[in-house]
Amino acid sequence: MLESVLTISLGAILINNFIFSQFLGCCPFLGCSTKIDTAVGMGIAVTFVMGLSSAICYVVNELLVSLELGYMSTLAFILVIAVLVQFVEMFLKKSIPSLYTALGIYLPLITTNCAVLGVVLLNVQNNYNFIESVVYGVTGGLGFMVAIVLFASVRDRLQFADYPESFEGFPIALVTAGLLALAFMGFSGMQIG
Amino acid sequence: MNLKQQFKEGLITNNPVLVQRIGMCSTMAITTSLFNGIGMGLSVLIILTCCNVAISALRKAIPNDIRLAIFVVVIAGFVTIVDLLLQAFIPALSASLGVFIPLIVVNCIIIGRAEAFCQHEPIGPSFFDGIFQGFGYTVVLVLMCLIRELLGSGTFGTGIFEIVDGALRVSFDGSAAGIRIFPEQFGATILIMPFGGFLTLASLLAAMQYALRKSAEKKEAAERAAKVEVVKEAANNA
């Protein structure tokens, strides 16, 4: 048990990082990474939602399969995620207002983050059990956080860099992300166990 | 809004990937062979057109406060239909795109068009908007695939074209090996890997920014020349 949890965690954070090797969650990754603080906030919010939705969607999927409604899974998952994000938003607003204001508009945007739906679909595809699903969700979110924080801190220094005018803005950010992806490829040969 | 303008917007001036910069996850992830690119592009085109028509038809009935939830449910419905159809009729495509077909649900292009266009416009323009925006997306995917495939593994059209006994064979089940342009060992394999996705899209975006800037400069120069002409004429008349 411990071994599989360890394999999944290391895989999700380093080897098959959600952003750098699976391209899941690129929109918020490129969108909210201009400042390190917002990047950290976004990372925490995504990790939280990914862990929670992995747990709930595991139960929902079991339910759908037992009712022979497996083909409705995509629709059910996205509804669960949308409701969950809304719920988390209301909960934070009531009980932890400081975190709520810090996350701001990023919270509702998590609904359309493909990393969240992606992790849920991958849990089903990989036949993970309940604990493995939750671990994959949380560590996948941590991988997202590592990526977005690294990227934001590199991007901070891009304003002092000298690059062709046409690469201004988005293209140079993509090149930077590509170089980080290249660095993360170094982990791909790692064997565990 | 006329058709010609809508077409130009979808393909160039308001291209979903190159100008609006949405839907980039799938653009970078699946563009490793022409088969994947065309399959993904057409799937999105079909889903986008259906969703645009449905949301535009329902636009007066959808309450403003919960519109996003309704959009997502409509989109998820059409995505499920396309997903099941692909599993049944083109299993090879379904297998190679994997989790990215259900992920069309959260593709920003579809929800973005619903939010920005269909909830205000009648069915006709929404239908064509879906087709043209989907076409613009497909063109970018195909471009990415052609570049990454050619430079990465030295082939053209893997999954769709192949040459058998000197004759071109076209297949739609993903089994074709592709046309070899140069030997595989000369290819830069890195372009097929994630890094290549980021780099190719960055280059395309930079090329687009360069073209837009040049055309703006040209327009400015022409305007300045016209102004000088007017001043000269006025001086002559005086």
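Our subject is the structure listed above.
The residue count restarts for each chain, going from 1 along the sequence in the order it is written. Chains carry letters and ligands carry numbers; both start at the beginning, A for chains and 1 for ligands, and go up in the order they are written. With pLDDT at 70 or above as the cut-off, local features in this predicted model cover only qualifying residues; side-chain atom pairs require 80 or more to be listed or tallied, and sums for whole chains, interfaces and linings still use all residues. As a rule here, side-chain values cover all heavy atoms of the structure and leave hydrogens and water aside.

*Asks:* Any chance you could break down the overall build of chain A for me, citing the residues and the numbers?
*Replies:* Along its length, chain A carries nine helices and zero strands. Under the DSSP-based scheme used, a helix requires at least four consecutive residues in state H or I and a strand at least two consecutive residues in state E, with every element numbered from the N terminus. Along chain A, helices (α) and strands (β) appear in the sequence α-α-α-α-α-α-α-α-α when read from the amino end. We take the radius of gyration over the C-alpha atoms and set the globule estimate at 2.2 Å times the residue count to the 0.38 power. Over its C-alpha atoms chain A spans a radius of gyration of 17 Å, differing by no more than 12% from the 16 Å that the globule rule assigns to 193 residues. Whether a residue is buried, partly exposed or exposed follows from its accessible area with a 1.4 Å probe, protein chains only, as a fraction of its type maximum: under 20%, in between, or over 50%, in that order. Looking at chain A residue by residue over its 193 residues, the buried ones come to 50%. Pairs at least 24 residues apart make up 77% of the contacts formed inside chain A by residues separated by at least 6 positions. A contact between two residues is defined here by any heavy atoms of the two lying within 4.5 Å.

*Asks:* Hey, could you go over the interface of chain B and chain A for me, with residue numbers and the actual values?
*Replies:* Counting from both sides, the interface comprises 33 residues of chain B and, opposite them, 37 residues of chain A. Buried area is understood as the total, over both parts, of accessible area removed when two parts are fitted together, assessed with a 1.4 Å probe. Here chain B and chain A share an interface that buries about 3,100 Å² over both sides, 83% of which is from carbon and sulfur atoms. Of all residues in chain B, the largest losses of buried area upon contact with chain A belong to B:Cys25, B:Val106 and B:Phe198, amounting jointly to 20% of the total for that side. Just to be clear on terms, a salt bridge is a Lys or Arg side-chain nitrogen sitting within 4 Å of an Asp or Glu carboxyl oxygen. At the surface where chain B touches chain A, the tally comes to one salt bridge. B:Arg213 is paired through a salt bridge with A:Glu165; the nearest N and O atoms lie 3.7 Å apart. Polar contacts, as counted here, are pairs of nitrogen or oxygen atoms within 3.5 Å of one another; within protein the pair requires one atom able to donate a hydrogen and one able to accept it, and residues that are adjacent in sequence qualify only if both atoms are side-chain atoms. Where chain B touches chain A, the interface holds one residue pair in polar contact (both at pLDDT 80 or more). Only α2 (24–29), α4 (67–89), α6 (108–118) and α8 (194–237) of chain B provide two or more residues apiece to the side of chain B that touches chain A. If you tally residues by element for the side of chain B that touches chain A, the top one is α8(B), at twelve residues. When grouped by side-chain class, the residues that make up the side of chain B that touches chain A number 27 nonpolar, four polar and two charged. The nonpolar class holds Ala, Val, Leu, Ile, Met, Phe, Trp, Tyr, Cys and Pro. Asp, Glu, Lys and Arg form the charged class, and all remaining residues, Gly among them, are polar.

*Asks:* Explain empty space enclosed by the protein residue by residue, including any values.
*Replies:* In this analysis a 1.4 Å probe is tested at points of a 1 Å grid over the protein atoms alone, and where it fits but cannot get out there is a cavity; an open set with protein on both sides within 12 Å along at least five of seven lines is a pocket; lining residues have an atom within 4 Å of a point. Grid points are joined across faces, edges and corners, and a volume is the space filled by probe spheres set on the points. For the coordinates displayed, the defined rule picks out one cavity of 30 Å³ or more. Here the largest cavity defines a volume of roughly 100 Å³. Lining the largest cavity we find A:Cys27, A:Cys114, B:Gly23, B:Cys25, B:Ser26, B:Met40, B:Phe100, B:Leu103, B:Ile104, B:Val106, B:Asn107 and B:Cys108. For the lining of the largest cavity, the per-class residue count stands at nine nonpolar, three polar and no charged.

*Asks:* Describe the environment of B:Gly134, naming the residues involved and giving the relevant values.
*Replies:* Residue and element names in this part refer to chain B. In this structure, Gly-134 sits in helix α7 (residues 123–153). Taking the C-alpha atoms as reference points, Gly-134 and Ile-109, separated by 25 residues in sequence, lie 8.8 Å from one another. Here Gly-134 is in contact with Leu-45, Leu-48 and Asp-129, once residues within four sequence places are set aside.

*Asks:* Give a detailed account of the pattern of salt bridges, specifying residues and quantitative values.
*Replies:* Note that side chains of opposite charge can pair when their charged atoms are close. All told, the structure shown has six salt bridges over all chains when counted by the stated rule. Residue B:Lys214 is joined to B:Glu217 by a salt bridge in which the shortest nitrogen-to-oxygen separation is 3.8 Å. With B:Lys214 and B:Glu217 both in helix α8 and three residues apart, the pair spans about one turn of that helix. Judged by its relative accessible area of 38%, B:Lys214 falls in the partly exposed class. Overlapping salt bridges bring together A:Glu165, B:Arg213, B:Lys214 and B:Glu217 as one network.

*Asks:* Describe the pairing of strand β2 (residues 161–164) of chain B, and please don't skip the residues or the numbers.
*Replies:* It is a general feature of regular strands that their side chains alternate between the two faces of the sheet. Residue and element names in this part refer to chain B. Note on pairing: two strands pair once DSSP finds at least 2 bridges between them. Relative to strand β3 (residues 167–170), β2 is paired through four bridges, and the arrangement is antiparallel. Bridge pairing in β3 places Phe-161 opposite Val-170. Where β2 hands over to β3, the hairpin turn is made up of two residues, of which Asp-165 adopts a positive phi near 50°.

*Asks:* Please provide a residue-by-residue account of the layout of surface pockets, values included.
*Replies:* Roughly 860 Å³ of volume is contained in the largest pocket. Lining the largest pocket we find 33 residues, and of these A:Pro108, A:Leu109, A:Thr111, A:Thr112 and B:Leu68 sit closest to its centre. If one sorts the elements of the lining of the largest pocket by residue count, helix α4 (residues 73–95) of chain A sits on top with six residues. Around the second largest pocket sit 19 residues that line it, and A:Ser73, A:Leu121, B:Asp83, B:Gln87 and B:Pro102 are the ones nearest its centre. Broken down by secondary-structure element, the contributors of at least two residues to the lining of the second largest pocket are α3 (36–66), α4 and α7 (114–125) of chain A together with α4 of chain B. Element by element, the count of residues in the lining of the second largest pocket is highest for α4(B), at four residues. Considered class by class, the residues forming the lining of the second largest pocket number nine nonpolar, nine polar and one charged.

*Asks:* If you had to explain the packing of α4(B) against α6(B) to someone new, which residues and values would you point to?
*Replies:* Helix-helix packing is described using two parameters, namely the angle between the two axes and the distance between the axes. Residues and elements named next belong to chain B. Working convention: axes come from line fits to C-alpha atoms, limited for helices to the stretch in contact. Angles between N-to-C directions cover 0 to 180 degrees. Taken N-terminus to C-terminus, the directions of α4 and α6 make an angle of 130°; their axes are 10 Å apart at the nearest point. Our classification of the angle between α4 and α6 gives oblique. Viewed along their axes, α4 and α6 form a crossing whose handedness is right-handed. The residues of α6 that touch α4, namely those facing Arg-67, Leu-68, Phe-71, Val-72 and Ile-75, are Ile-110, Ile-111, Ala-114 and Glu-115. Across the contact of α4 with α6, the residue classes break down as seven nonpolar, no polar and two charged. Angular relationships are summarised with four words: roughly parallel below 35 degrees, roughly antiparallel beyond 145, roughly perpendicular across 65 to 115, and oblique for the angles in between. In this scheme the crossing of two helices becomes right-handed for a clockwise turn of the near helix relative to the far one and left-handed for an anticlockwise turn of less than a right angle.

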